[in-house]
Amino acid sequence: MDDLADCREVFAYFDSKGDERISVQQVGDVLRALGQNPTEAEIHRCVGSFDKEARLSFEDFVPIFQSVSKNREKHTVEEFVEGLSHFDKEGNGMINVAELRHLLTTLGERLSDEDVDQLLAGHNDSHGNVNISDFVRAVMNS
């Protein structure tokens with residue numbers, strides 16, 4: 001969704017005051033609605049020059065969108081599987097659901113318990129383990 005018309009349409013959807021602007025706090029939501037997945041740190045870098053109460057015009061927003069979409073890293077399923085495999089104690093391609101929950105709620109961009117519940121729904125087997133490869137594929141395709 002790199003088309004500026006689509007970008008403007010999504011931007012306008014978030015304009016709650018009808019002044020053709022969005023608040024600085026909405027930048028991450030608008031970027032995500034446009035298919036981007038910036039970290040909170042990346043968003044803060046992009047809006048750091050604006051007052052936290054500022055409202056950004058579409059013209060202010062476009063360079064932020066372009067910067068985030070250009071810097072977007074394309075990670076492969078294999079890279080995520082490899083990363084999670086470090087926690088596969090038995091070497092069988094599985095990770096304990098409690099350990100995966102701990103990783104997702106305490107490391108990096110921390111997820112809420114509700115987010116983790118959604119991600120893990122239907123992925124654990126009768127022994128409380130999650131197939132790493134199936135889990136990564138499901139998350140990346142959602």
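Just so you know, these numbers come straight off a predicted model, no measurement behind them. (Residues numbered from 1 in each chain as written. Predicted model: local features only at pLDDT ≥ 70, side-chain atom pairs only at ≥ 80, totals over all residues. Heavy atoms only, no water.)

Another aspect to go through is the overall build of the chain. Scanning the chain from terminus to terminus reveals eight helices and four strands. For the chain, the succession of helices and strands along the chain, N to C, is α-β-α-α-β-α-α-β-α-α-β-α. The principal-axis extent of the C-alpha atoms belonging to the chain is close to 55 × 25 × 25 Å. Carbon together with sulfur atoms contributes 49% to the accessible area of the chain, which is approximately 9200 Å² in total. Looking at charge distribution, the chain has the averaged site of its 14 positive side-chain charges lying 5 Å from that of its 28 negative ones. (Helix = DSSP H or I, 4+ residues; strand = E, 2+ residues; numbered from the N terminus. Areas by Shrake-Rupley, 256 points an atom, 1.4 Å probe, with all protein chains shown as cover. Lys, Arg positive; Asp, Glu negative; His and termini not counted. Charge placed at Lys NZ, Arg CZ, Asp CG, Glu CD.)

Taken as a whole, this structure holds zero disulfides when the rule is applied. Note on Cys7: no disulfide assigned, nearest cysteine sulfur contributed by Cys46 at a separation of 13 Å. Take Cys7: its relative accessible area is 0%, and that puts it in the buried class. (Disulfide = S-S within 2.5 Å. Buried < 20%, exposed > 50% of the residue type's maximum accessible area, 1.4 Å probe, protein only.)

This part is about the pattern of salt bridges. In this structure the tally under the stated criterion is eight salt bridges. Residues Arg8 and Glu59 are paired through a salt bridge, measuring 3.7 Å at the closest nitrogen-oxygen approach. Within this pair, whereas Arg8 is found in helix α1 (residues 4–13), its partner Glu59 is found in helix α4 (residues 58–71), the two being separated by 51 residues in sequence. Residue class for Arg8 comes out partly exposed when judged on its relative accessible area of 42%. The class of Glu59 is exposed, set by a relative accessible area of 53%. (Salt bridge = Lys/Arg side-chain N within 4 Å of Asp/Glu carboxyl O.)

With that out of the way, let us pick up the UniProt feature "domain: EF-hand" (unreviewed entry) in the chain. Per the UniProt record, "domain: EF-hand" (unreviewed entry) is annotated on residues 2–37 and 75–110. Note that residues 75–110 is 53% helix and 8% strand, and that its end C-alpha atoms are spaced 18 Å apart. (UniProt positions renumbered as here; feature names shortened; annotations may be inferred.)

Attention now moves to the domain arrangement of the chain. One frequently used descriptor of interface size is the decrease in accessible area upon assembly of the parts. Under the domain assignment, the chain is made up of domain 1 (2–71) and domain 2 (77–141). Here the C-alpha centroids of domain 1 and domain 2 sit 30 Å apart. (Domains from an automatic or database assignment.)

This paragraph deals with the environment of Asp60. Relative to the elements of secondary structure, Asp60 occurs in helix α4. Relative accessible area serves as the criterion here: at 28%, Asp60 is assigned to the partly exposed category. Separated by 38 residues in the primary sequence, Asp60 and Ile22 place their C-alpha atoms 9.9 Å from one another. Beyond its immediate sequence surroundings of up to four residues, Asp60 is in contact with Arg21, Phe50 and Arg55. In this structure the side chain of Asp60 is engaged in a polar contact, spanning 3.0 Å, whose partner is the backbone nitrogen of Ser57. (Contact = heavy atoms within 4.5 Å. Polar contact = N/O pair within 3.5 Å; in protein donor to acceptor, adjacent residues only side chain to side chain.)

Where helix α6 (residues 97–106) is concerned, the buried positions are Leu100, Leu103, Leu104 and Thr105. Where α6 is buried, its residues contact α5 (77–85), β3 (94–96), α7 (113–120), β4 (129–131) and α8 (132–140). Between the side-chain oxygen at the start of α6 and the backbone nitrogen of Ala98 there is a gap of 2.8 Å, and the oxygen is on Asn96. At the C-terminal side of α6, Gly108 shows a positive phi close to 60°.

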